[in-house]
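Now for the letters of each chain:
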Amino acid sequence: MELDRADLALLDALQRDGRATIQSLSELVNLSARATLNRVRKLEAGGVIEGYRAVIDRRALGDPICVFAEVALKDQRQPVVQRFEKKMATAPEVVACHVISGRYDYLVRIACPHLENYHRLISAWLDDPALGIEKIVTNIELQTIREFAGFPVPRPPRRH
């Protein structure tokens, strides 16, 4: 899907505030409310906008610890990789999982109520031969300086 200046402005605004009204968005992009609504619906239908969600202050949930776990698998055969990735996709403690390059295969961000919960979780993973985990290196998050708030939206060149 090709994105024009108005689409990019809408995406930028909606990343900052997913509850922005169509009226405020239409004023931002200088289009009618109907045209703006049609563009947003097209971006949703085209999969550019994947969804909307509330961002919750984790302190309201008991301020769980967050851990970045670097995970190396014993082998890269598809059945092992698929089992591991399915586990990461369905484990409620896993808040993000990325395939990475370098010494480890995955970077997994995990949220647990306490460090002992994290220890039990990774012990269970390491003890499960079906997951094929060779090694986990734990990095405990001490402070979050900036949380993910959306991707940078490119600015098209200005027309003269």
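Everything below is about the structure shown above.
Residues numbered from 1 in each chain as written. Predicted model: local features only at pLDDT ≥ 70, side-chain atom pairs only at ≥ 80, totals over all residues. Heavy atoms only, no water.

**Re helix 2 (residues 22-29)**
An α-helical turn contains 3.6 residues, so any two residues separated by three or four positions project in the same direction. Burial in helix 2 covers these residues: Leu-25, Ser-26 and Val-29. Looking straight down helix 2, one finds that the buried residues subtend no more than 100° of arc, so they occupy a single side. In this structure, the buried residues of helix 2 make contact with helix 1 (5-16) and helix 3 (33-45). Positioned one or two residues after helix 2, Asn-30 has a phi angle of 60°, which is positive. (Buried < 20%, exposed > 50% of the residue type's maximum accessible area, 1.4 Å probe, protein only. Helix = DSSP H or I, 4+ residues; strand = E, 2+ residues; numbered from the N terminus. Arc of directions from axis to C-beta. Contact = heavy atoms within 4.5 Å.)

**Considerations on the state of the cysteines**
Applying the stated criterion across every chain, the model contains 0 disulfides. No disulfide involves Cys-66; its nearest neighbouring cysteine sulfur is the one of Cys-112, lying 8.7 Å away. On the basis of relative accessible area, Cys-66 is assigned to the buried category, the value being 4%. (Disulfide = S-S within 2.5 Å.)

**Quick notes on helix 3**
End to end, helix 3 covers 18 Å across 13 residues, agreeing with the expected 18 Å (1.5 Å per residue, within 8%). Within the span of helix 3, buried status applies to Thr-36, Val-40 and Leu-43. Down the axis of helix 3, the buried set is contained in an arc of 60°. They therefore lie on one face. Summarising the geometry of helix 3, the exposed residues directed more than 90 degrees from the buried face are Arg-34, Lys-42 and Ala-45. Among the residues trailing helix 3, Gly-47 stands out with phi positive, at a value near 80°. (Expected span 1.5 Å × (residues − 1).)

**Some thoughts on the nonpolar core**
Counting residues in each nonpolar core, the largest one holds 21 residues, and the members touching the most others are Val-71, Val-108, Ile-110 and Trp-125. Where this core is concerned, the elements lending two or more residues are strand 1 (65-73), helix 4 (78-90), strand 3 (106-112), helix 5 (115-127) and strand 4 (133-140). With near-sequence residues (within four places) excluded, Val-71 lies in contact with Phe-84, Tyr-104, Asp-105, Tyr-106, Val-108, Ile-133, Lys-135 and Ile-136. Ranked by size, the runner-up nonpolar core spans 11 residues in total, among them Leu-10, Leu-14, Val-29 and Leu-43. (Core = buried A, V, L, I, M, F, W, Y, C linked by side-chain atoms within 4.5 Å.)

**Quick look at the packing of aromatic side chains**
Going through the model one piece at a time under the given rule, you end up with 2 aromatic pairs. On the basis of an interplanar angle of 45° and a centroid distance of 4.6 Å, the ring pair of Phe-84 and Tyr-106 is categorised as tilted. Pair noted here: Phe-84 is in helix 4 and Tyr-106 is in strand 3, with a separation of 22 residues, a long-range link. Here Tyr-106 falls in the buried class, since its relative accessible area comes to 3%. The interplanar angle of 70° and the centroid separation of 5.0 Å between the aromatic rings of Phe-148 and Phe-151 together place this pair among those described as edge-to-face. (Phe/Tyr/Trp six-rings, centres within 6.5 Å; stacked < 30°, edge-to-face > 60°.)

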